[in-house]
Amino acid sequence: NAGVTQTPKFQVLKTGQSMTLQCAQDMNHNSMYWYRQDPGMGLRLIYYSASEGTTDKGEVPNGYNVSRLNKREFSLRLESAAPSQTSVYFCATLRSATSASFDEQYFGPGTRLTVT
Amino acid sequence: KNEVEQSPQNLTAQEGEFITINCSYSVGISALHWLQQHPGGGIVSLFMLSSGKKKHGRLIATINIQEKHSSLHITASHPRDSAVYICAVSFINTDKLIFGTGTRLQVFP
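What you see is a predicted model, and the numbers here were worked out from it, not measured in a lab.

Peer 1: Any chance you could explain the overall build of chain B here in plain terms?
Peer 2: Within chain B, the secondary structure is distributed over zero helices and eleven strands. Tracing chain B from N to C terminus, the helices and strands come up as β-β-β-β-β-β-β-β-β-β-β. At 13 Å, chain B has a C-alpha radius of gyration in line with the 13 Å of a compact globule built from 109 residues. Seen through its C-alpha atoms, chain B measures out along the principal axes to roughly 45 × 25 × 20 Å. Across the 109 residues in chain B, those meeting the buried criterion constitute 47%. In chain B, the share of contacts with a sequence separation of at least 24, taken over all contacts with a separation of at least 6, comes to 54%. With an accessible surface of roughly 5200 Å², chain B has 51% of that area assigned to carbon and sulfur atoms. Within chain B, the 7 negative side-chain charges are centred at a point lying 5 Å from the centre of the 9 positive side-chain charges.

Peer 1: Where do I start with the pairing of strand 11 (residues 103–108) of chain B in this structure?
Peer 2: Both faces of the sheet carry side chains from a regular strand, because those side chains alternate between them. Residues and elements named next belong to chain B. Judged by which residues are buried, strand 11 turns out to be one-sided: Thr103, Leu105 and Val107 face inward and are buried, whereas Arg104, Gln106 and Phe108, on the alternate face, are not. Of the strand pairs in this sheet, strand 2 (residues 10–14) and strand 11 are connected by five bridges, and their pairing is parallel. Its bridge partner being in strand 11, Ala13 is matched across the sheet by Val107. When strand 9 (residues 83–90) meets strand 11, the two strands line up antiparallel, connected through three bridges. Within strand 11, the residue paired with Ala83 across the bridge is Leu105.

Peer 1: Before we go on, may I ask you to explain the interface of chain A and chain B in this structure?
Peer 2: When the parts come together, some accessible area is lost, and that loss is often what is quoted as the size of the interface. Tallying the contact residues gives 19 residues for chain A and 19 residues for chain B. In total, chain A and chain B occlude about 1600 Å² of area from one another, counting both sides; carbon and sulfur atoms represent 58% of this. In this assembly, chain A and chain B are joined by zero salt bridges. Applying the counting criterion to the chain A and chain B interface returns one residue pair in polar contact (both at pLDDT 80 or more). Contributing elements (two or more residues each) for the side of chain A that touches chain B: strand 4 (31–37) and strand 5 (44–49) of chain A. Top element by residues in the side of chain A that touches chain B is strand 4 of chain A. It accounts for three residues. Tallied by class, the residues present in the side of chain A that touches chain B amount to twelve nonpolar, five polar and two charged.

Peer 1: Sorry if this is basic, but what is going on with the nonpolar core here?
Peer 2: One finds Leu32, Trp34, Phe47, Leu72 and Tyr85 of chain B to be the most contacted residues of the largest nonpolar core, which totals 25 residues. When residues of this core are traced back to their parent elements, those giving at least two are strand 2, strand 3 (19–25), strand 4 (31–37), strand 5 (43–49), strand 7 (59–64), strand 8 (69–74), strand 9 and strand 11 of chain B. Ignoring anything within four residues of it in the chain, the contact list for Leu32 of chain B reads Cys23, Tyr25, Phe47, Met48, Leu49, Ile63, Ser70, Cys87, Ala88 and Val89 of chain B. Met32, Val66, Leu76 and Val115 of chain A belong to the second largest nonpolar core, which has 19 residues in total.

Peer 1: I would appreciate a short explanation of the pattern of salt bridges in the present structure.
Peer 2: Oppositely charged side chains are able to pair whenever their charged atoms sit close together. Here the structure, examined in full by the defined rule, presents four salt bridges over all chains. The partner of Arg44 of chain A in a salt bridge is Asp38 of chain A, with the nearest N and O atoms 2.8 Å apart. Both residues of the pair, Arg44 of chain A and Asp38 of chain A, count as buried. Between Arg58 of chain B and Asp81 of chain B there is a salt bridge, with its nearest N and O atoms 2.9 Å apart. Of this pair, Arg58 of chain B sits in the loop between strand 6 (52–56) and strand 7 while Asp81 of chain B is found in the loop between strand 8 and strand 9, placing the two residues 23 residues apart along the sequence. The network of salt bridges with common partners includes Arg36, Asp38 and Arg44 of chain A.

Basis of the calculations
- Residues numbered from 1 in each chain as written.
- Chains lettered and ligands numbered in written order.
- Predicted model: local features only at pLDDT ≥ 70, side-chain atom pairs only at ≥ 80, totals over all residues.
- Heavy atoms only, no water.
- Helix = DSSP H or I, 4+ residues; strand = E, 2+ residues; numbered from the N terminus.
- Rg over C-alpha atoms; globule rule 2.2 N^0.38 Å.
- Buried < 20%, exposed > 50% of the residue type's maximum accessible area, 1.4 Å probe, protein only.
- Contact = heavy atoms within 4.5 Å.
- Areas by Shrake-Rupley, 256 points an atom, 1.4 Å probe, with all protein chains shown as cover.
- Lys, Arg positive; Asp, Glu negative; His and termini not counted.
- Charge placed at Lys NZ, Arg CZ, Asp CG, Glu CD.
- Pairing = 2+ DSSP bridges.
- Buried area = accessible area lost by both parts, 1.4 Å probe.
- Salt bridge = Lys/Arg side-chain N within 4 Å of Asp/Glu carboxyl O.
- Polar contact = N/O pair within 3.5 Å; in protein donor to acceptor, adjacent residues only side chain to side chain.
- Nonpolar A, V, L, I, M, F, W, Y, C, P; charged D, E, K, R; others polar.
- Core = buried A, V, L, I, M, F, W, Y, C linked by side-chain atoms within 4.5 Å.

Spelled out as structure tokens, the structure:
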């Protein structure tokens with residue numbers, strides 16, 4: 001039981017390059033989230049998916065796209081990377097969006113992305 | 001203004017000391033979460049509570065809904081407790097969490 005996995009763990013991109021961050025979970029949870037974490041700031045929600053086939057914008061969606069491929073996988077794509085997207089990215093899951101108030105989030109190990 | 005405020009931002013302690021980390025929020029919530037982020041970066045959930053108090057080992061979390069305030073206590077602190085402790089809240093009828101900026105705790109032997 002791996003929980004929440006993310007790939008890659010580290011990535012360096014040049015400005016303008018694209019890449020996809022992968023997230024997978026084996027807990028059969030409905031909801032999945034992408035956050036970014038920057039120094040001095042709390043985790044900020046980029047996009048989330050309450051169930052397979054649905055996605056919604058979070059607090060900081062600009063410059064990102066997501067895809068909920070199936071119940072297990074939720075990917076985050078940077079189409080044209082910018083230095084402002086240098087950050088640590090976390091994927092998280094929750095059993096059900098409707099029970100978000102009464103459940104715990106499970107986090108992946110994070111992806112450290114640097115854009116030069 | 002952040003809807004979730006934590007204090008202190010940084011905290012150092014000697015092994016064995018009693019630790020308190022505070023979290024205040026600005027509007028009504030349905031639940032409050034305490035998370036721990038290890039120096040390596042991994043984040044784990046410690047507690048989720050909507051009222052009263054919860055205890056797990058040396059960790060105790062309390063919440064006062066009327067005062068919109070929660071505390072995380074660590075008894076008999078140990079160097080392995082060194083981490084960033086993050087408070088987050090979920091609001092009624094939403095499936096999203098709002099996070100505080102975290103409290104960095106260092107416990108020295």
